[in-house]
Amino acid sequence: MTKTEIIQQFRDAAADKPYKLFVDKLYNAELLYNEYKPGQPDSFNDCFDTRVYNHYMKSGKGCKAPEDEMLARSLHDSCISRLMRDFLSDYPEKTQVGIMGGHGLLRTDKQYADVVYISKRLTEEGFLMISGGGPGAMEATHLGAWMAGRKNDEVKLALDIMRKAPCYKDELWLETALAVMKRFPQKRFRSLGIPTWLYGHEPATPLATHIAKFFDNSIREDTILTYAFGGIIYTPGSAGTVQEIFQDVTQNHYLSFGYSSPMVFFGKEFWTKEMPIYPLLEGLMATGKMKNLLLTLTDSQEDILKVMKEFSGKE
């Protein structure tokens with residue numbers, strides 16, 4: 001392929017795309033949702049995030065997209081990966097902690113508030129909180145980080161505001177989150193959300209101060225699990241969370257990055273009875289089929305804080 005043909009291919013890839021191929025900074029609430037107007041829920045459809053998702057669906061998911069679209073997405077995602085690595089370079093590896101869990105967790109659920117307080121406390125201890133950047137347990141992660149440094153009474157007020165739209169399908173879901181951000185500005189603490197347009201029907205939470213949004217979900221999944229060097233807290237979830245657990249098991253078993261990181265299962269009843277993954281992993285460790293796993297099963301926020309601080313050397 002000649003230089004002229006390569007240049008033309010890039011031009012074709014960039015044509016008529018609602019997104020930049022060469023992104024120069026990570027996304028945030030302003031970039032994704034700048035067109036949203038309070039009191040006008042339908043304005044969500046005018047937002048950059050929605051327009052990109054609609055284009056993504058129209059042009060085809062993954063390998064079903066035409067060649068120029070696949071090239072454009074790859075270039076975009078490559079830029080996002082580089083920008084994210086630059087962002088994470090400000091944090092010691094073992095302070096980068098992930099929280100995984102179901103996107104369907106309602107804001108009214110006790111578990112949602114539990115995740116908020118866990119994330120808040122870890123953020124205040126100097127950890128960078130990472131999630132898949134969507135609704136549910138992921139959103140709770142970033143609400144906790146956003147409210148770091150504030151009193152618990154303020155957190156309760158923020159939760160009250162959010163509970164007016166419990167589910168991400170509610171038309172005021174975005175508006176209530178933006179209302180919390182406006183009422184409680186955050187300038188000190190940061191968090192990283194890593195969502196994907198593959199699941200664009202689950203909107204990205206604006207509460208993550210930095211958002212690395214990908215087209216390719218396989219890259220996005222691997223990225224979350226890779227960069228949570230400080231360990232991952234697993235809250236109750238379904239297929240997606242289970243997939244992430246066993247991906248994490250594999251890299252910890254093989255010490256893919258030189259060491260194993262904590263795998264903390266929050267919710268004893270769920271992880272031993274409803275989704276009995278914890279006893280399975282314990283059994284595999286006991287027989288030597290799996291090695292190097294740092295497993296914790298708990299219902300206690302204090303236990304989680306202790307495990308993460310000990311592993312990171314903060315204790």
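See the structure above.
Nothing here was measured: the structure is a model prediction, and the numbers come from that model. (Residues numbered from 1 in each chain as written. Predicted model: local features only at pLDDT ≥ 70, side-chain atom pairs only at ≥ 80, totals over all residues. Heavy atoms only, no water.)

(A) Seen up close, the overall build of the protein. When helices and strands are counted, the protein shows 13 helices and 7 strands. Taken over the C-alpha trace, the protein has a radius of gyration of 20 Å; the compact-globule value for 315 residues is 20 Å, and the two agree within 12%. Taking the principal axes of its C-alpha atoms as reference, the protein extends roughly 60 × 50 × 35 Å. A total of 315 residues make up the protein; the buried ones form 54% of that total. Restricting the contact set of the protein to residue pairs at least 6 apart, pairs at least 24 apart contribute 73%. The positive charge centre, built from 38 side chains, and the negative charge centre, built from 41, are 3 Å apart in the protein. (Helix = DSSP H or I, 4+ residues; strand = E, 2+ residues; numbered from the N terminus. Rg over C-alpha atoms; globule rule 2.2 N^0.38 Å. Buried < 20%, exposed > 50% of the residue type's maximum accessible area, 1.4 Å probe, protein only. Contact = heavy atoms within 4.5 Å. Lys, Arg positive; Asp, Glu negative; His and termini not counted. Charge placed at Lys NZ, Arg CZ, Asp CG, Glu CD.)

(B) Broad picture of the packing of helix α5 (residues 110-124) against helix α7 (residues 152-162). Contact geometry of α5 with α7 gives a least axis separation of 12 Å together with a crossing angle of 140°. Put simply, α5 runs oblique to α7. Viewed along their axes, α5 and α7 form a crossing whose handedness is right-handed. Side by side, α5 and α7 meet where Tyr112, Ala113, Val116, Tyr117 and Lys120 of the first sit next to Asn152, Val155, Lys156, Leu159 and Met162 of the second. (Axes fitted to C-alpha atoms, helices over the stretch in contact; angles between N-to-C directions. Parallel < 35°, antiparallel > 145°, perpendicular 65-115°, else oblique. Left-handed = near helix turned anticlockwise from the far one by under 90°.)

(C) A look at a negative patch on the surface. Taken together, the side chains of Asp42, Asp46, Asp170 and Glu171 present a region of like negative charge at the surface. Inspection of the secondary structure assignment puts Asp42 in the loop between α2 (29-33) and α3 (48-59). Take Asp42: its relative accessible area is 62%, and that puts it in the exposed class. (Patch = residues over 30% accessible without salt bridge, like charges linked within 9 Å, V, L, I, M, F, W, Y side chains within 5 Å. Areas by Shrake-Rupley, 256 points an atom, 1.4 Å probe, with all protein chains shown as cover. Salt bridge = Lys/Arg side-chain N within 4 Å of Asp/Glu carboxyl O.)

(D) Inspection of the nonpolar core at higher detail. Within the largest apolar cluster, 57 residues are counted, with the highest numbers of intra-cluster contacts made by Met84, Leu192, Tyr234, Ile245 and Phe265. For this core, the leading source of residues is helix α4 (residues 67-88), giving 8 residues. Not counting residues up to four positions away in its chain, the partners in contact with Leu192 are Leu26, Met84, Phe87, Leu88, Leu128, Met129, Ile130, Ser131, His142, Ala208, His210 and Ala212. Ranked by size, the runner-up nonpolar core spans 35 residues in total, among them Ile118, Ala137, Ala158 and Phe266. (Core = buried A, V, L, I, M, F, W, Y, C linked by side-chain atoms within 4.5 Å.)

(E) Layout of helix α12 (residues 277-286). If you check which residues of α12 are buried, you get Ile277, Tyr278 and Leu281. For α12, the buried positions fall inside an angular range of 100° around the axis, keeping them on one side. Each element contacted by the buried residues of α12 is listed here: α10 (239-253), β6 (262-266), α11 (268-274) and β7 (294-298). One or two positions beyond α12, positive phi appears at Gly288, with a value near 85°. (Arc of directions from axis to C-beta.)

Honestly, that's just the spatial picture; any functional story needs more than this.
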